[in-house]
Amino acid sequence: MLLAAFCLSGQAKDYKLPKPQTKAGMSLLEALSKRASARAFSQREIDAKTLSTVLWAACGINREKEKKITAPSAINAQDILIYVARQDGAFLYDPRTNTLKQVTEKDVRPYLAAGQQFVTQAPVSLIMVSDQSRFGNRSRGAADMGKYDAAYVSENICLVCTALGLNTVPRMMMDTVGLSRELGLTPQQVPLLNNPIGWPPAK
Ligand SMILES: Cc1cc2nc3c(=O)[nH]c(=O)nc-3n(C[C@H](O)[C@H](O)[C@H](O)COP(=O)(O)O)c2cc1C
């Protein structure tokens, strides 16, 4: 299994990701000219370096000193949590430590599919969850801000996937009730979007 190769830290199932690539892929303008939703995937696994690069591009830290991230974020709340769903479980990405923390050993991808069977064929899905508690007492507008923030992160994922030759599609469809239960989300943590990801199928 891909994650077994990661370095285990401590007792908890935390997996240290390798450093992301920050100079790979095509130019931004080329990626924009090629970006398209794709809903077919090969079964080839996504290696740890590629996963780390996609997660960093999504909302990883790009200004170490200020701990700011690749995606803009309303009032710099950095409310978007990314969960990585795979056949062997679901993992929460921590951009500050570049680690994945396992939250369940269950395959939650069927909760994402919501009738779109192609989703369960993707080896990895990234789930964007807005943690509304990060907006503090600014509850007015927090729901909208979370949606905008998730969309920026999802677009980053679309573009980095294009640049690396991966297929993906941004999706709203999912069973948010089942998913929230399986991921152990609080009532303030709201699943908003997901991106199934995989290499293109062989032609
Ligand atoms: C907010 C949003 C939600 C979407 N939800 C889904 C979805 O649940 N399932 C799906 O197959 N595609 C979904 N899409 C993808 C759109 O269908 C797709 O972007 C559109 O058909 C345009 O195609 P393109 O992305 O190749 O330009 C969604 C796109 C956006 C922006």
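These figures come from a predicted structure and were not determined experimentally.

K.L.:
I'm lost on the pattern of salt bridges in this one. Help?
P.N.:
Oppositely charged side chains may form a pair once their charged atoms are brought near each other. With the rule as written, the count across this model stands at 9 salt bridges. A salt bridge links Lys 34 to Glu 30, with the nearest nitrogen and oxygen atoms 3.2 Å apart. In this pair, Lys 34 and Glu 30 both sit in helix α1 (residues 28-34), 4 residues apart, roughly one turn of the helix. Here Lys 34 falls in the partly exposed class, since its relative accessible area comes to 48%. The partner of Arg 86 in a salt bridge is Asp 88, with the nearest N and O atoms 2.9 Å apart. Of the residues examined, Asp 88 reaches a relative accessible area of 21% and is grouped as partly exposed. Residues joined by salt bridges that share partners form a network here, namely Glu 45, Arg 86 and Asp 88.

K.L.:
I'm lost on the site of the ligand in this one. Help?
P.N.:
Near the ligand the following residues occur: Arg 35, Ala 36, Ser 37, Arg 39, Gln 116, Phe 118, Val 169, Pro 170, Arg 171, Met 172 and Met 173. Between the ligand and Met 172 there is a distance of 3.0 Å, counted from a nitrogen atom to a backbone nitrogen or oxygen. With respect to the ligand, the backbone of Met 173 contributes an N or O atom lying 3.0 Å from an oxygen atom. Taken together, the residues that form the shell around the ligand break down as 6 nonpolar, 2 polar and 3 charged.

K.L.:
How do you make sense of the packing of aromatic side chains when you look at a structure like this?
P.N.:
Aromatic ring pairs are described here by two measures, namely the spacing of the ring centres and the angle between the planes. Per the counting criterion, the structure on display carries 2 aromatic pairs. Directly above the aromatic system of Trp 199 lies the positively charged group of Arg 44, at a separation of 4.2 Å from the ring centroid.

K.L.:
Would you mind going over the pairing of strand β7 (residues 99-104) with me for this structure?
P.N.:
The side chains of a regular strand alternate, residue by residue, between the two faces of the sheet. With 3 bridges connecting them, strand β2 (residues 14-16) and β7 associate as antiparallel partners. Bridge pairing links Lys 16 to Thr 99 in β7. Bridge count between strand β6 (residues 89-94) and β7: 5 bridges; the pairing is antiparallel. Bridge pairing links Asp 94 to Thr 99 in β7.

Conventions and cut-offs
- Residues numbered from 1 in each chain as written.
- Predicted model: local features only at pLDDT ≥ 70, side-chain atom pairs only at ≥ 80, totals over all residues.
- Heavy atoms only, no water.
- Salt bridge = Lys/Arg side-chain N within 4 Å of Asp/Glu carboxyl O.
- Helix = DSSP H or I, 4+ residues; strand = E, 2+ residues; numbered from the N terminus.
- Buried < 20%, exposed > 50% of the residue type's maximum accessible area, 1.4 Å probe, protein only.
- Near = heavy atom within 4 Å.
- Polar contact = N/O pair within 3.5 Å; in protein donor to acceptor, adjacent residues only side chain to side chain.
- Nonpolar A, V, L, I, M, F, W, Y, C, P; charged D, E, K, R; others polar.
- Phe/Tyr/Trp six-rings, centres within 6.5 Å; stacked < 30°, edge-to-face > 60°.
- Lys NZ or Arg CZ within 6 Å of the ring centre and 35° of its normal.
- Pairing = 2+ DSSP bridges.

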